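One letter stands for each residue in the lines below.
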Amino acid sequence: MCGICGFYGHGNTEDLARMNAQLHHRGPDDGGVYQDPTHPLFLGHRRLSILDLAGGQQPMWSANGQFGVVFNGEIYNFQALRQELEAKGHHFITDHSDTEVVLHAWQAWGPAMVERFNGMWALALYDRTCQQLFLSRDRFGKKPLYYHQQGSQFVFASELRALMQHPSVPKHYDQMGLMKYFAYGYVPAPKTLYKTIHKLPAGCNLQLSLGSDRVEITRYWRYQPDPFTSYPKNPEESWGEELRALLGAAVKRRMIADRPLGFFLSGGVDSSAILGLAAQQADGASLKAFSIGFEEANFDETHYARTIANKFGLDHRIDVLSMDKARALLPEILSKLDDPFIDTSLLPTYLLCQQARKEVVVALAGDGADELLAGYDPFKVLRQAHWYHRLMPRLLHGGVRKLMDLLPTRHGHMSLEFKIKRALRGLGHAPPHWMPIWLGALEPSDLEELFQTQVDPAELYAEAVEDWTSCHETNPVDRTLSFYINHYLQEDILVKSDRAGMMNSLEIRAPFLDIELVDFIRRIPWQYKLHKGQTKYLLKRSLEGLIPDEILYRRKKGFGVPVGGWFRDGHLPLKGLPHPPMLNPLAMQNLEQQHLHNQADHKSFLWNALALGHHEKQHTSSQH
């Protein structure tokens, strides 16, 4: 796991050094830089050594010196690709570096190489002869990649704060980017909070001819459901066996490392499945598992984590996130966050990574299962939401919302009152807008007050609408799955995982995002993902006998954090934090007061405002 950066155009080695230094936490083991002797092209790299510790230094060059690469990530099928390339006559220098496989794959297949990769990556490959720079990001965007392009100036980096170390990068907020931040809880690619800074979308390549003003972006992959048209005699058994086998193979691939490796264990289905399958391939006592608990009983799930740890005889560590510990950690976390987003579970995830890094350098986690297999609560109410939206007159809907707003606000974990109010908030809008409104911080009417301007929902939720309408399957479950996979997973869950891990120099691997497994899952009809209200139905059936039923079929909690109560009780103050001048301070104060007096639950907005305030604080201080 690493950090990469570089630029073409104005700048010097001092600029590159500052950029690279900002990525030290992503790669504390080694660093390398390159300056082209004849062109203003600079590459930088920080390395967290996982494979081939003696080799693998970057930038890495082909034997003939034509191609150089800086690479962040892991190619899990690198051994098979290496064998295929050696059969074609390629000669390798390193013992088992996946980075060298990337170089040879480029020489053999060019840009099409990424379609053969099973892994996670962000990379920049430089062709000295053709004077071209090629950037790529993995299918799910697990590894981040930001860039700025203006005229012939091009700058890229793994993180915003590294990119902003280059003097040519303007730091002007983009109003629509900020609106989307509060609407979704994150800024969907390719936009960012800034006008001239972009994210390379997941599943995309970027090509730049040096000296050209044109950046060409092409998409090589995007999730689309493609359900089987013929069924086996017993789908639960046949598909379940294949699902379990593919997940087991994905876990095995991700257990290859030259540094100590461990597992995150929440006590839920996904992490338990990964550990159960890993325990079939290794002695349970040799497997290290890490869990986080909470002082608030309504949020704590460590009982279930202990159940799994005891079943497989794991070496198990549990830490507890207290209010005092959260308050102590929060300034450090938010100052490092780089690109803010809505997910408050960043707090326990950071602590989990911090705890794990004391003993391991690599950890396997259950990211992706809920998105791929319909694991979230909103999937359970799609049918009812459809009929409510179709039959309830708009005027009556407004009355129902006002009536429900009279219910006292509770700050427990996913309370019934919270779910009802969230559902009604979304149902006042078109179906393609439901998910971002259910999950985001503010709806359009709130944003109009916050920004003091009219908001067009079609523009605000353009990404969600495009995903809804371009989904090949027209049923609401597959369309909702597409939103979760192409947006929420990529812009929230994986960002949280990457940032929390990299802040602690810990690599996090996600077996559920193995492309062979994903290609099978997307062919499973939605009725076997959500079956009679049972989420992740086929996965749970496939794990019976391996994972106890009390884990498989218990009510899902998720990695919730009691920040609503913390804000109400004054433990997380917004006072004194700077914010972009385009935000209306009176509207912000009104939303905060509604939350403090239990008139509404605005914890998502308050967290977004808190994260943005710390981001602005860092942004302002870096300019002086």
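The preceding data block contains the structure.
This one's a predicted model, so the numbers in the text were calculated from it and none came from an experiment.

Draft legend 1. Seen up close, the overall build of the protein chain. A tally of regular secondary structure across the protein chain gives 25 helices and 17 strands. The long-range fraction of contacts in the protein chain, counting pairs at least 24 apart against all pairs at least 6 apart in sequence, stands at 72%. Placing the 66 positive and 70 negative side-chain charges of the protein chain at their respective mean positions leaves the two points 3 Å apart.

Draft legend 2. Structural view of the environment of L382. Relative to the elements of secondary structure, L382 occurs in helix α12 (residues 382-391). A relative accessible area of 3% places L382 in the buried class. Between the C-alpha atoms of L382 and L489, which are 107 residues apart in sequence, the distance is 19 Å. With residues up to four places along the chain from it excluded, the contact list for L382 reads M435, P476, V477 and T480.

Draft legend 3. Here's a closer look at the packing of helix α18 (residues 462-470) against helix α19 (residues 476-503). The contact between α18 and α19 brings their axes to 9 Å, and the two run at 135°. The angle between the axes of α18 and α19 places the two elements in the oblique class. Read as a crossing pair, α18 and α19 show a hand that is right-handed. Together, E463, A464, D467, W468 and T469 of α18 and P476, R479, T480, S482, F483, N486 and H487 of α19 make up the contact between the two elements. A class-by-class count of the residues in the contact of α18 with α19 yields 4 nonpolar, 5 polar and 3 charged.

Draft legend 4. Focus on the side chain of Q355. By the secondary structure assignment, Q355 is in helix α10 (residues 346-357). With residues near it in sequence (within four places) discarded, Q355 still touches F290, S291, I292, R317, I318 and D319.

Draft legend 5. Summary view of helix α2 (residues 78-87). All of the buried residues in α2 are F78, L81, R82 and L85. Seen end-on, α2 carries its buried residues on one side only, within an arc spanning 100°. Exposed side of α2, more than 90 degrees from the buried face: Q83 and A87 are the residues found there. Of the surrounding elements, those touching the buried residues of α2 are β5 (67-75) and α3 (98-109).

Draft legend 6. Layout of the nonpolar core. The biggest cluster of nonpolar side chains holds 180 residues, and the ones touching the most others in it are M113, F182 and F605. Top element by residues in this core is α19. It accounts for 13 residues. Once residues lying within four places of it in the same chain are set aside, the contact partners of M113 are V102, A105, W106, L123, L125 and F134. Residues Y8, L41, L145 and L206 belong to the second largest nonpolar core, which totals 20 residues.

Draft legend 7. Local environment of the sheet that holds strand β4 (residues 60-61). Pairing in this open sheet of 6 strands is antiparallel, and the strands run β4-β5-β6-β7-β11-β12 from one edge to the other. The two strands at the open ends of the sheet, each matched to only one other strand, are β4 and β12 (215-219). Where strand β6 (residues 119-127) and strand β7 (residues 132-137) come together, 6 bridges link them in antiparallel fashion. What sits directly across from L125, in β7, is F134.

Draft legend 8. Quick peek at the pairing of strand β1 (residues 2-8). Burial within β1 is extensive, with 7 of its 7 residues counted as buried. Neither face of β1 is open: one carries C2, I4, G6 and Y8, the other G3, C5 and F7, and all of them are buried. One ladder, built from 7 bridges, connects β1 with strand β3 (residues 41-47); its direction is antiparallel. Residue pairing for β3: G3 is matched across the bridge by R46.

Draft legend 9. Structural context of the packing of aromatic side chains. Per the stated rule, a full pass over the model turns up 26 aromatic pairs. Arranged with centres 5.9 Å apart and planes meeting at 25°, the rings of Y147 and F154 form a pair that is stacked. Ring centres of Y184 and Y461 lie 5.9 Å apart, and the angle between their planes is 75°; on these two criteria the pair is classed as edge-to-face. Here Y461 lies in the loop between α17 (457-460) and α18 and Y184 lies in helix α5 (residues 175-184), a separation of 277 residues in the sequence. By way of ring pairs, the aromatic residues F228, Y231, W239, F520 and Y528 are connected into one cluster. Its guanidinium or amino end placed over the ring of F312, K311 lies 5.5 Å from that ring's centre, counting from NZ or CZ.

Draft legend 10. How the structure looks around the side chain of S542. With respect to the helices and strands, S542 occurs in helix α21 (residues 537-543). With sequence-adjacent residues up to four places away left out, S542 is seen in contact with G240, L243 and R244.

Draft legend 11. Layout of the packing of α10 against α19. Relative to each other, α10 and α19 sit at 40°, their axes nearing to 8 Å. The orientation of α10 with respect to α19, classified from their angle, is oblique. The handedness of the crossing between α10 and α19 is right-handed. Seen from α10, the contacting residues are L346, T349, Y350 and C353; seen from α19, they are K496, A500, G501 and M503. Across the contact of α10 with α19, the residue classes tally to 5 nonpolar, 2 polar and 1 charged.

Draft legend 12. Inspection of the pattern of salt bridges at higher detail. What the rule picks out here adds up to 34 salt bridges. Two residues, E84 and R116, come together in a salt bridge whose shortest N-O distance is 2.9 Å. Of this pair, E84 sits in helix α2 while R116 sits in the loop between α3 and β6; the two residues are 32 residues apart in sequence, bridging distant segments of the chain. On the accessibility criterion, R116 (35% relative accessible area) is partly exposed. For the salt bridge of R317 with E359, the shortest nitrogen-to-oxygen distance reads 2.8 Å. Of this pair, R317 sits in strand β15 (residues 315-321) while E359 is found in the loop between α10 and β16 (362-364), placing the two residues 42 residues apart along the sequence. Sharing partners across several salt bridges, the network here consists of R26, K143, E159, R161, D498 and R499.

Reading the values: rules and limits
Residues numbered from 1 in each chain as written. Predicted model: local features only at pLDDT ≥ 70, side-chain atom pairs only at ≥ 80, totals over all residues. Heavy atoms only, no water. Helix = DSSP H or I, 4+ residues; strand = E, 2+ residues; numbered from the N terminus. Contact = heavy atoms within 4.5 Å. Lys, Arg positive; Asp, Glu negative; His and termini not counted. Charge placed at Lys NZ, Arg CZ, Asp CG, Glu CD. Buried < 20%, exposed > 50% of the residue type's maximum accessible area, 1.4 Å probe, protein only. Axes fitted to C-alpha atoms, helices over the stretch in contact; angles between N-to-C directions. Parallel < 35°, antiparallel > 145°, perpendicular 65-115°, else oblique. Left-handed = near helix turned anticlockwise from the far one by under 90°. Nonpolar A, V, L, I, M, F, W, Y, C, P; charged D, E, K, R; others polar. Arc of directions from axis to C-beta. Core = buried A, V, L, I, M, F, W, Y, C linked by side-chain atoms within 4.5 Å. Pairing = 2+ DSSP bridges. Phe/Tyr/Trp six-rings, centres within 6.5 Å; stacked < 30°, edge-to-face > 60°. Lys NZ or Arg CZ within 6 Å of the ring centre and 35° of its normal. Salt bridge = Lys/Arg side-chain N within 4 Å of Asp/Glu carboxyl O.

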